[in-house]
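So you can see what is in the structure, the chains are spelled out below.
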Amino acid sequence: MKKKSVSSDIILKNGTKYRLDNQTLFLSGELMLPVVPEFIRKVLKRIKLQKSGDFVVNLDQLDNIDSAGVTSLFYVKRKLGDAGFRLRMEGGNETIVKKLELFKPEKFDELPPEAKIGFFELVGTGVYDFFTSYFYGFIQLAANIFYFAVADLFRKKVRRKGEFANQAVLIGVNAVLIVVFMSFVIGLVLALQSAQQLRNFGANIFIVDLVVIGMMSQMAPLITAILIAGRSGSSIAAEIATMKVTSELDALKTMGLEPIRFVVVPKLYASLLTMPFLIVLANVSGIAGGGVAAYFYLDITPEIFINRMGDVMRNKDLITAFVKSQVYASLIVLTGSFYGFRVVRGAEGVGISTTSAVVVGISLVIVADSILGLLFY
Amino acid sequence: MDKEKVIEVRNLAASFGDTVVLSDVSFSAYKGEVTIILGSSGSGKSTLLKHILGLYETEKGEIRIFGEDALGLDEDQQLHMYMRMGVFYQNGALLNSMTVGENVALPLKQHTSLPDDLVDDIVNIKLGLVNLEYAINKFPSELSGGMLKRAALARAIALDPPILFFDEPGAGLDPISLESLDRLIIDLKEQLGMSIVMVTHEVPSILRIANRIIYLDKGSVVFEGTLKEALKCDVESVRQFFSLLDDVDKAKQA
Ligand SMILES: Nc1ncnc2c1ncn2[C@@H]1O[C@H](COP(=O)(O)OP(=O)(O)O)[C@@H](O)[C@H]1O
Ligand SMILES: [Mg+2]
């Protein structure tokens, strides 16, 4: 008995009652955003209890409706359509009819459906895009940057006065502290972790070989590059991206100044020049860190350490480190400017570019490190 | 016609990927005149300007500036071209890492071998023209919107270019500052004989400065003619644009 009375009306929590009578739903009062979710839920549930497929929504008693209300009606209609019901709207005063017309979502139904992209297509286009747009763009940018870098080496006039020194400070000098500190810690930990094993074999003195060779041929260049990629790769990307977003790059071009030459080349010079020095500092400090560990854990005095170091050091490592410094510096500046120039409009694009520049910059440095490691083994 | 063309665009088409922005644009701008490019938002005015400025690759159409083919320039010719045009960007586009003075001096220092103190003099004069001498050592981030625009104008005219381009100089300016900017533009035109090509929506400013109107709609030019012709013209979109004036009249009578 109770069931019967419920099934004939739709009652919303705020007391609004919509009468359902003989396949016709009489809306009354208001159908506005606050009640829409409940309305949709209850109407769908109720109508689906019915058997026959034709329904009418009568709007004569409806006083007010908003865009959410209108869309909810069409939503219900579509949902019921899917379930095999047919729904029709009738009546309504002038404003209601006008609003129905104004907010009718079917206007937008004609938009072509977005093509669904399958997994393989996604992978395929991804790889294709990478090679056409990224890889090719990257190589092209690299070619441009190095062209201007070499050309401007001998043309004093086109250079921007003071910018090289400025960048050398920003990229190189300001990074000294962090590079020195981090390599010291790494040298120390490297030595500490090997100390126990070496002592077991009574091979204490080899701690020197381990620290010196490890730092010089591998750790120092890598730590420096990763730190610089994080510090300067990001700031290069952010600077260029911001300049692009605010049309500063366009302004440079129309003043007859090539942005690569004006913005990127001084940074490239600065990092090519400062990176080797940073690596030297990283070596000194890392080996010092190892020395401290050796002194406290393996009783190797600084004198012994330095003597042994003289025997262990190889000239080859110096050359390797220099080559690495130049490769890493170029990669970092390149990735930074590549993502800077690629920024799509808007401020959030700057953030995305910056992040990509750091992630890709560090990855490229590590890849290059393994390749160079194999080459110079 | 005996007027000299400074810019001539013929059948220019432009698109971004698959979206066609300009389908067929042709118009001319004349020496010593202010040419205004109109069109609703997104109609491709900035895109058109960037093609003229050589900032985008142009695949279809013809652009002549000072009678020279602007599309087939080599590096030196392009530089020579850029030294003869000044560009004013919407939000100034001053280099943020340099002071206002350094910004204005930049083209002078890069492209001429003038002695430094002479460059300083020129910078002072240009900043004086826009009433901004006092801000010479300020950084762009320390300036208000109106000041930024004036500084950008000073930089655009650093090399005394015969032609000046503006992209929406009035956006975000109060009517009083806008009027003084317009007066500056008229001075540049009349006293220095500069030709000016400008994108703007500001009707009052158009009435004050325009000689010639180009109206862009759906990728092509739907109206090209003098300001007077534009005010009388019956192309729907142009009429609608200037109907603002009728509204003013109505409001006055009411
Ligand atoms: N760099 C771009 N990449 C993709 N689409 C763009 C780019 N710049 C402009 N557009 C598109 O081209 C159309 C015209 O833009 P624009 O020339 O800026 O218009 P206007 O300056 O007349 O307001 C717009 O639809 C805009 O979305
Ligand atoms: Mg624009």
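Residue positions within a chain follow its written sequence, with the count starting from 1. Chain letters and ligand numbers both follow the written order, the letters beginning at A and the numbers at 1. Only residues with pLDDT of at least 70 are given local features in this predicted model, and only at 80 or more are side-chain atom pairs given and counted; all residues enter the totals for whole chains, interfaces and linings. By convention in this description, side-chain values take in all heavy atoms of the structure and omit both hydrogens and water.

Engineer: So what exactly am I meant to see when it comes to the sheet that holds strand S3 (residues 24-31) of chain A here?
Structural biologist: Hydrogen bonds along the backbone pair up the strands of a sheet, which may run parallel or antiparallel. All names here are of chain A. Strand order in the open sheet made by the five strands is S1-S2-S3-S4-S5, with mixed pairing throughout. Every other strand in the sheet has two partners, leaving strand S1 (9-11) and strand S5 (86-90) as the edge strands with one partner each. Averaged over all adjacent pairs, the angle separating strand axes in this sheet is 20°, with direction ignored. With three bridges joining them, strand S2 (residues 17-21) and S3 adopt antiparallel strand pairing. At least two bridges found by DSSP between two strands are what make those strands a pair. Runs of H or I in DSSP of at least four residues are treated as helices and runs of E of at least two as strands, each being numbered from the N terminus. Here the axes come from fitting lines to C-alpha atoms, over the contacting stretch only for helices, and the angles between their N-to-C directions go from 0 to 180 degrees.

Engineer: Explain empty space enclosed by the protein to me, please; I cannot follow it from the model alone.
Structural biologist: With a probe scaled to a water molecule rolled over the atoms, the places where space remains empty come into view. Cavity means a closed set of points on a 1 Å grid over the protein atoms alone, one where a 1.4 Å probe fits but cannot get out, pocket means an open set with protein on both sides within 12 Å along at least 5 of 7 lines, and lining means a residue has an atom within 4 Å of a point. Grid points are joined across faces, edges and corners, and a volume is the space filled by probe spheres set on the points. Inspection of the entire model under this criterion finds three cavities of 30 Å³ or more. One number sums up the size of the largest cavity: a volume of about 130 Å³. For the largest cavity, the lining is made up of 15 residues, of which Met255 of chain A together with Met85, Gly86, Arg155 and Ala156 of chain B are closest to its centre. The element that contributes the greatest number of residues to the lining of the largest cavity is strand S6 (residues 85-88) of chain B, accounting for three residues. In this model, the second largest cavity occupies a volume close to 40 Å³.

Engineer: Honestly, the site of ligand 1 in this entry has me stumped. Any pointers?
Structural biologist: What makes a residue near a molecule or strand is one non-hydrogen atom of that residue sitting within 4 Å of it. Taken together, 12 residues form the shell around ligand 1, and within it Gly42, Gly44, Lys45, Ser46 and Thr47 of chain B come nearest. Looking at the residues close to ligand 1, they fall on chains A and B. At 3.3 Å from an oxygen atom of ligand 1 is found a main-chain nitrogen or oxygen belonging to Ser43 of chain B. The definition of a polar contact used here is a pair of N or O atoms within 3.5 Å, where within protein one atom must be able to donate a hydrogen and the other to accept one, and adjacent residues in sequence count solely through side-chain atom pairs. Lys45 of chain B has a polar backbone atom sitting 2.8 Å from an oxygen atom of ligand 1. Contact with the protein chains removes 65% of the 560 Å² of surface that ligand 1 exposes when unbound. Shrake-Rupley sampling with a 1.4 Å probe provides the accessible areas, and residues are treated as covered by the protein chains on show and by no other component.

Engineer: Mind showing me how you'd approach the environment of Pro34 of chain A here?
Structural biologist: Relative to the helices and strands, Pro34 of chain A resides in the loop between S3 and helix H2 (36-49). Along the chain, Pro34 of chain A and Ala68 of chain A lie 34 residues apart, while their C-alpha atoms are 9.0 Å from each other.

Engineer: Is there a simple way to think about the pattern of salt bridges in this case?
Structural biologist: Between side chains of opposite charge, a pair can form as their charged atoms come close. Residue and element names in this part refer to chain B. When a carboxyl oxygen of Asp or Glu lies within 4 Å of a side-chain nitrogen of Lys or Arg, that pair is called a salt bridge. Evaluated as defined, the whole model comprises 21 salt bridges over all chains. When the shortest N-O distance is used, the salt bridge between Arg64 and Glu62 registers 3.5 Å. Of the charged contacts in the structure, one is a salt bridge between Asp160 and Lys126, with a shortest N-O distance of 2.9 Å. Note that Asp160 is positioned in the loop between helix H5 (145-156) and strand S7 (163-167) and Lys126 in helix H4 (residues 116-129), a separation of 34 residues in sequence. For Asp160, a relative accessible area of 48% puts it in the partly exposed group. To sort residues, take the accessible area from a 1.4 Å probe on protein chains only and compare it with the maximum for the residue type: under 20% means buried, over 50% means exposed, and anything in between is partly exposed.

Engineer: Quick question: what am I supposed to make of the domain arrangement of chain A here?
Structural biologist: Accessible area lost upon the coming together of the parts serves often as the stated size of an interface. Segmentation of chain A into domains returns domain 1 (9-108) and domain 2 (144-152 + 160-376). Here the limits of each domain have been adopted from an automatic or database domain assignment. If you average the C-alpha positions of domain 1 of chain A and of domain 2 of chain A, the two centres end up 66 Å apart.

Engineer: I tried to follow the interface of chain A and chain B on my own but got confused; where do I start?
Structural biologist: In this complex, chain A contributes 19 residues to the contact, which on the side of chain B involves 23 residues. One can count two salt bridges joining chain A with chain B. Residue Lys50 of chain B is joined to Asp250 of chain A by a salt bridge in which the shortest nitrogen-to-oxygen separation is 3.5 Å. Taken together, chain A and chain B are joined by six residue pairs in polar contact (both at pLDDT 80 or more). For the side of chain A that touches chain B, the elements supplying multiple residues, two or more each, are helix H9 (248-254) and helix H10 (259-298) of chain A. With six residues, the single largest contributor to the side of chain A that touches chain B is H9 of chain A. Class assignment for the residues of the side of chain A that touches chain B results in seven nonpolar, four polar and eight charged. The criterion used for residue contact is that any of the two residues' heavy atoms lie within 4.5 Å. Only Asp, Glu, Lys and Arg are considered charged in this grouping, and only Ala, Val, Leu, Ile, Met, Phe, Trp, Tyr, Cys and Pro are considered nonpolar; every other residue, Gly among them, is considered polar.

Engineer: Before we go on, may I ask you to explain the side chain of Arg155 of chain B in this structure?
Structural biologist: Examined against the element boundaries, Arg155 of chain B turns out to sit in helix H5. In this structure, Arg155 of chain B is buried with no salt-bridge partner, the nearest side chain bearing the opposite charge being Glu248 of chain A at 6.9 Å. Only four residue types enter the tally: Lys and Arg on the positive side, Asp and Glu on the negative side; His and the chain ends are excluded.

Engineer: What am I meant to see in the domain arrangement of chain B here?
Structural biologist: Residues and elements named next belong to chain B. Each assigned domain of chain B is listed here: domain 1 (5-84 + 162-253) and domain 2 (96-160). Distance from the C-alpha centre of domain 1 to the C-alpha centre of domain 2: 25 Å. Contacts between domain 1 and domain 2 engage 14 residues on the former and 10 residues on the latter. The contact between domain 1 and domain 2 buries some 990 Å² in all, and 79% of this surface belongs to carbon and sulfur atoms. Counting across the domain 1 and domain 2 interface gives zero salt bridges. Where the side of domain 1 that touches domain 2 is concerned, the elements lending two or more residues are helix H2 (75-83), S7 and helix H6 (175-192). The term buried area denotes the loss of accessible surface (1.4 Å probe radius) that occurs when two parts are joined, taken as the sum for both partners.

Engineer: Can you help me understand H6 of chain B in this one?
Structural biologist: The periodicity of an α-helix, 3.6 residues per turn, causes residues three or four places apart in sequence to face the same way. Residue and element names in this part refer to chain B. Between its first and last C-alpha, H6 extends 25 Å over 18 residues, near the 26 Å set by a 1.5 Å rise per residue. The complete set of buried residues in H6 reads Leu178, Leu181, Asp182, Leu184, Ile185, Leu188 and Lys189. Take H6 and look down its axis: the buried residues cluster within an arc of 155°, on one side only. Relative to its buried face, H6 has exposed residues pointing more than 90 degrees away, namely Ile176, Glu190 and Gln191. Multiply 1.5 Å by the residue count of a helix minus one, and that product is the helix's expected span. The arc in question is traced by the directions running from the helix axis to the C-beta atoms.

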